[in-house]
Amino acid sequence: MSATSRRTHRCGELRAQHVGQRVRLGGWVHRQRDLGGIVFLDLRDRAGIVQVAIGPDAPEHVRSVAGGLTSETVVELEGEVAARPANMKNADLPTGDVEVRATKLAVVGRAVTPAIPVARGKGEELPAEELRLKYRHLDLRRPEMQANLILRHRLLQRARKALSDLGFLEIETPVLTKPTPEGARDYLVPSRVNPGEFYALPQSPQIYKQLLMVAGLDRYFQLARCFRDEDLRNDRQPEFTQIDIEASFVQMDDVLDYVETVLVALWDEAGHQVGRPFPRITWHEAMERYGTDKPDLRYDLPIADWTAQVQPLGVPFVQAALKDGARVRGLAVKGGSALSRKDVDQLAEAAKQLGGAGLAWVKRQGEQVSGSVGKHFTTTVLGTLGVGDGDAALLTVGPDRVTSPVLDRVRREVIRRLAPAPKAVHAFCWVVDFPLFEPDPETGKPVFAHHPFTSPRPEDRARLDGDPYACRALHYDAVYNGNELGSGSIRITDRDLQIKIFHKLGLTDEEWQQRFGFLIDGLGAGAPPHGGFAIGFDRVVMLLAGAGSLRDVIAFPKTTTARALFEGAPAPANPADLKALHIKVER
């Protein structure tokens, strides 16, 4: 498959079985070592690196070319594969048992001194990320980056196969769309032929895939490109890829089964065996026990409600805050007495930064009790909290909306600092029964917790008018080792219920007709029950590659300021183009 009219093999493909064969190779000079009588080249392509030897018996012009080679120059060569002497084998390379003894050598792409190095010595740090993003063509030559993109390709193909085997059809949906209420700003695209009107780049194919179900296509999937104009983090990009699915005549269990099939296949492609079905926990349980709807279940460190045990102790820190529904919640940390005073002070500061009242702590060592509120506790009380010899209690007080994120952060920090043995390497779970609505932080009015096409649980529909916050959604998230992999829901297929939900969100008839009239028309044409899911593909690749950032698994990513440094985008538009689009830029 790698052979062309100019080469017989890729560099990294050569092995001991090729000894004695004549080969033609093409690649980049990774390193050159001139030892006087012999020149060694490390020649690199996407398959790996092979050593090339140009000795005294090579033609003179070959030795001359080899002696003048600089790193990253592209060469083609011909030679014979030979076994390396036993004392010169390189166990760090898959090609380390062999070398190519070149008899022909030609420069086909001379390189200037690279702006950033591709080859690095052991312990040598990478250049600054901004430099690597600016010279992305060089950064992508690094074997680690190429391995990430090769893995990405394999995972894409495995996802396609898994869904095709389940009877899903790959169907493309439009990239030029109407604005959508997905929770982030749209990227707008002006229409030249319709002056003053704009398309939006899709935040997701949500409405289109629902219309495909209305159309009777039954099972759809797409490796969908999506766009969101929002602030970036290491796990966010303005354009991203999701594995998008939708299926008809299904309930939640069916969709979860499809998604588990795909995720197990992806982990298998990366060399990991994981079991299914994944455990399910409710949103309320996740928030109660872990303080987050993305719980990391590898570690047995749950949050507990200690109000009943601590309130009688008269701890001033607690007594002053126990009002208006506040609770005492905390973590019983096995081996927590190993946390230093600096550790607990830093944890307390993190709690305050998240709006908490602070973090109290108690350590138990034998019969000795110490800590910021240690004088109020006995070993007996600590025993009722699950705090044994050598353990520690970390506690805070306040309403759940404050203590949940505080204890989630503290829990993650404790795990990072103490590095306890995990119960499992791969901890998947489903979080289900999310709230349908949540209060708008500014107005206090109900807003959709996810998107307005999510169906409420049938038994909760009667609460829509009187107690909307008690309504649970047929929404589900897939979580892996504390990372959300994606989310989905069973959709609203009742036209009247969908309109009612729009009204609950404050949309007038004119507004919803303008924005979603085509969806309502579709539902009115006879819609099957359906639901779907979207897997954040970039995040999956990042996790399976062991990368620290999405930017390490995307060929041409943006910076945290949404800039493409390698090409200088975004950039000012040509005034003539703006005039044709009837756009005037104000600064």
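It should be noted that the structure appears before, not after, this text.
In this text, all values refer to a predicted model and were calculated from it rather than measured experimentally. (Residues numbered from 1 in each chain as written. Predicted model: local features only at pLDDT ≥ 70, side-chain atom pairs only at ≥ 80, totals over all residues. Heavy atoms only, no water.)

1. What about the overall build of the chain?
Next up, step 1: When helices and strands are tallied, the chain shows 16 helices and 22 strands.
Next up, step 2: The C-alpha extent of the chain, read off along each of the three principal axes, is 90 × 75 × 55 Å.
Next up, step 3: Burial status across the chain gives 46% buried among its 587 residues.
Next up, step 4: Taking as baseline every contact in the chain between residues at least 6 positions apart, the subset at least 24 positions apart corresponds to 66%.
Next up, step 5: For the chain, the exposed surface amounts to about 28500 Å²; the carbon and sulfur share of it is 50%.
Next up, step 6: Across the chain, the mean location of the 76 positive side-chain charges is 4 Å away from that of the 76 negative side-chain charges. (Helix = DSSP H or I, 4+ residues; strand = E, 2+ residues; numbered from the N terminus. Buried < 20%, exposed > 50% of the residue type's maximum accessible area, 1.4 Å probe, protein only. Contact = heavy atoms within 4.5 Å. Areas by Shrake-Rupley, 256 points an atom, 1.4 Å probe, with all protein chains shown as cover. Lys, Arg positive; Asp, Glu negative; His and termini not counted. Charge placed at Lys NZ, Arg CZ, Asp CG, Glu CD.)

2. Re the pattern of salt bridges
Next up, step 1: One pass over the structure, following the stated rule, counts 50 salt bridges.
Next up, step 2: Residue Lys161 is joined to Asp165 by a salt bridge in which the shortest nitrogen-to-oxygen separation is 2.8 Å. Of this pair, Lys161 and Asp165 both sit in helix α4 (residues 143-165), four residues apart, roughly one helical turn. Assigned by exposure class, Lys161 and Asp165 land together as exposed.
Next up, step 3: Residue Lys558 is joined to Glu239 by a salt bridge in which the shortest nitrogen-to-oxygen separation is 2.7 Å. Of this pair, Lys558 sits in the loop between α15 (537-545) and α16 (575-580) while Glu239 sits in strand β10 (residues 239-248); the two residues are 319 residues apart in sequence, bridging distant segments of the chain.
Next up, step 4: Under the relative-accessibility criterion, Lys558 is labelled buried at 13%.
Next up, step 5: What makes Glu239 partly exposed here is its relative accessible area of 25%.
Next up, step 6: Residues joined in a network through salt bridges with shared partners are Arg120, Arg132, Arg136, Asp139, Arg142 and Glu144. (Salt bridge = Lys/Arg side-chain N within 4 Å of Asp/Glu carboxyl O.)

3. Digging into the layout of surface pockets
Next up, step 1: Considering only enclosed or pocket space, the second largest pocket measures out at about 680 Å³ in volume.
Next up, step 2: Taken together, 30 residues form the lining of the second largest pocket, with His30, Arg31, Ile49, Leu93 and Pro143 sitting closest to its centre.
Next up, step 3: Considering only residue class, the lining of the second largest pocket consists of nine nonpolar, eight polar and 13 charged. (1 Å grid on protein atoms, 1.4 Å probe; cavity = no way out; pocket = protein on both sides within 12 Å on 5 of 7 lines; lining within 4 Å. Points joined across faces, edges and corners; volume = space filled by probe spheres on them. Nonpolar A, V, L, I, M, F, W, Y, C, P; charged D, E, K, R; others polar.)

4. A few points about the sheet that holds strand β17 (residues 428-432)
Next up, step 1: If you walk across this open sheet you meet the eight strands as β6-β9-β10-β22-β21-β20-β17-β11, and the pairing is mixed. Unpaired on one side and paired on the other, β6 (169-170) and β11 (280-282) mark the two borders of the sheet.
Next up, step 2: Strand direction decides the pairing type here: strand β9 (residues 219-227) and β10, joined by nine bridges, are antiparallel. Residue pairing for β10: Ala224 is matched across the bridge by Gln242.
Next up, step 3: The strands touched by α4 within the sheet are β6, β9 and β10, with β9 carrying the most contacts at an inclination of about 150°.
Next up, step 4: Lying on the sheet, helix α7 (residues 283-290) is in contact with β11 and β17; it crosses β11 at an angle near 85°. (Pairing = 2+ DSSP bridges. Axes fitted to C-alpha atoms, helices over the stretch in contact; angles between N-to-C directions.)

5. Some details on unusual backbone geometry
Next up, step 1: A cis amide bond links Arg276 with the next residue in sequence, Pro277, at an omega value of 5°.
Next up, step 2: With an omega of 0°, the peptide bond running from Ala569 to Pro570 counts as cis.
Next up, step 3: Its place among the elements puts Pro570 in the loop between α15 and α16.
Next up, step 4: Despite not being glycine, Ala562 shows a phi value in the positive range, around 60°.
Next up, step 5: Among the structural elements, Ala562 can be located in the loop between α15 and α16.
Next up, step 6: What makes Ala562 partly exposed here is its relative accessible area of 24%.
Next up, step 7: For His582, which is not glycine, the phi torsion reads 60° and is therefore positive.
Next up, step 8: One can find His582 in the segment after α16.
Next up, step 9: On the basis of relative accessible area, His582 is assigned to the exposed category, the value being 55%.

6. Quick notes on the packing of aromatic side chains
Next up, step 1: Under the counting rule described, the total for this entry stands at 15 aromatic pairs.
Next up, step 2: With 5.0 Å between their ring centres and 75° between their planes, Trp267 and Phe428 make a pair best called edge-to-face. Of this pair, Trp267 sits in helix α6 (residues 252-269) while Phe428 is found in strand β17, placing the two residues 161 residues apart along the sequence.
Next up, step 3: Using a relative accessible area of 6% as the deciding quantity, one classes Phe428 as buried. (Phe/Tyr/Trp six-rings, centres within 6.5 Å; stacked < 30°, edge-to-face > 60°.)

7. Observations concerning the packing of helix α5 (residues 206-214) against helix α14 (residues 509-524)
Next up, step 1: For the pair α5 and α14, the least separation of the axes is 9 Å and the interaxial angle reads 20°. By the angle between their axes, α5 is roughly parallel relative to α14. Classified by chirality, the crossing of α14 by α5 is left-handed. Contact with α5, carried on its side by Ile207, Gln210, Leu211 and Val214, involves Phe516, Phe518, Leu519 and Gly522 of α14 and no other residues of that element. (Parallel < 35°, antiparallel > 145°, perpendicular 65-115°, else oblique. Left-handed = near helix turned anticlockwise from the far one by under 90°.)

8. Comments concerning the sheet that holds strand β1 (residues 22-34)
Next up, step 1: The five strands lie next to each other as β1-β2-β3-β5-β4, forming a closed barrel whose pairing is mixed. Between one strand axis and the next, the sheet turns through 55° on average, direction left out of account.
Next up, step 2: Two strands pair when backbone bridges link them, and β1 and strand β2 (residues 39-45) are joined in this way by six bridges, in the antiparallel orientation. Paired with Val29 across the two strands is Leu43, which belongs to β2.
Next up, step 3: Along the sheet, helix α1 (residues 60-67) contacts β1, β2, β3 (48-54) and β5 (98-109); its crossing angle with β5, the most-contacted strand, is approximately 75°.

9. Remarks on the nonpolar core
Next up, step 1: Membership of the largest hydrophobic core comes to 46 residues, with the highest contact counts inside it found for Leu263, Leu266, Trp267, Trp430, Tyr476 and Phe533.
Next up, step 2: Broken down by element, this core gets its largest block of residues, eleven residues, from α6.
Next up, step 3: Apart from the residues within four sequence positions on either side, Trp430 is in contact with Leu256, Val259, Glu260, Phe278, Pro279, Arg280, Ile281, Tyr476, Asp477, Ala478 and Phe533.
Next up, step 4: Ranked by size, the runner-up nonpolar core spans 22 residues in total, among them Leu14, Leu43, Ala58 and Val100. (Core = buried A, V, L, I, M, F, W, Y, C linked by side-chain atoms within 4.5 Å.)

10. Things to note about the pairing of strand β21 (residues 483-490)
Next up, step 1: Two elements, strand β20 (residues 475-480) and β21, share six bridges in a ladder whose sense is antiparallel. Following the sheet pairing, Val479 is matched in β21 by Glu484.
Next up, step 2: Hairpin connection between β20 and β21: a loop of two residues separates the two successive antiparallel strands, and Asn481 in this loop has a positive phi of roughly 50°.

11. Regarding the environment of Lys334
Next up, step 1: Positionally, Lys334 belongs in the loop between β13 (327-333) and α10 (341-353).
Next up, step 2: C-alpha separation for the pair Lys334 and Ala392, spaced 58 residues apart in sequence, amounts to 6.8 Å.
Next up, step 3: Looking at Lys334, its side chain comes within polar contact range of the main-chain oxygen of Gly386, at 3.0 Å. (Polar contact = N/O pair within 3.5 Å; in protein donor to acceptor, adjacent residues only side chain to side chain.)

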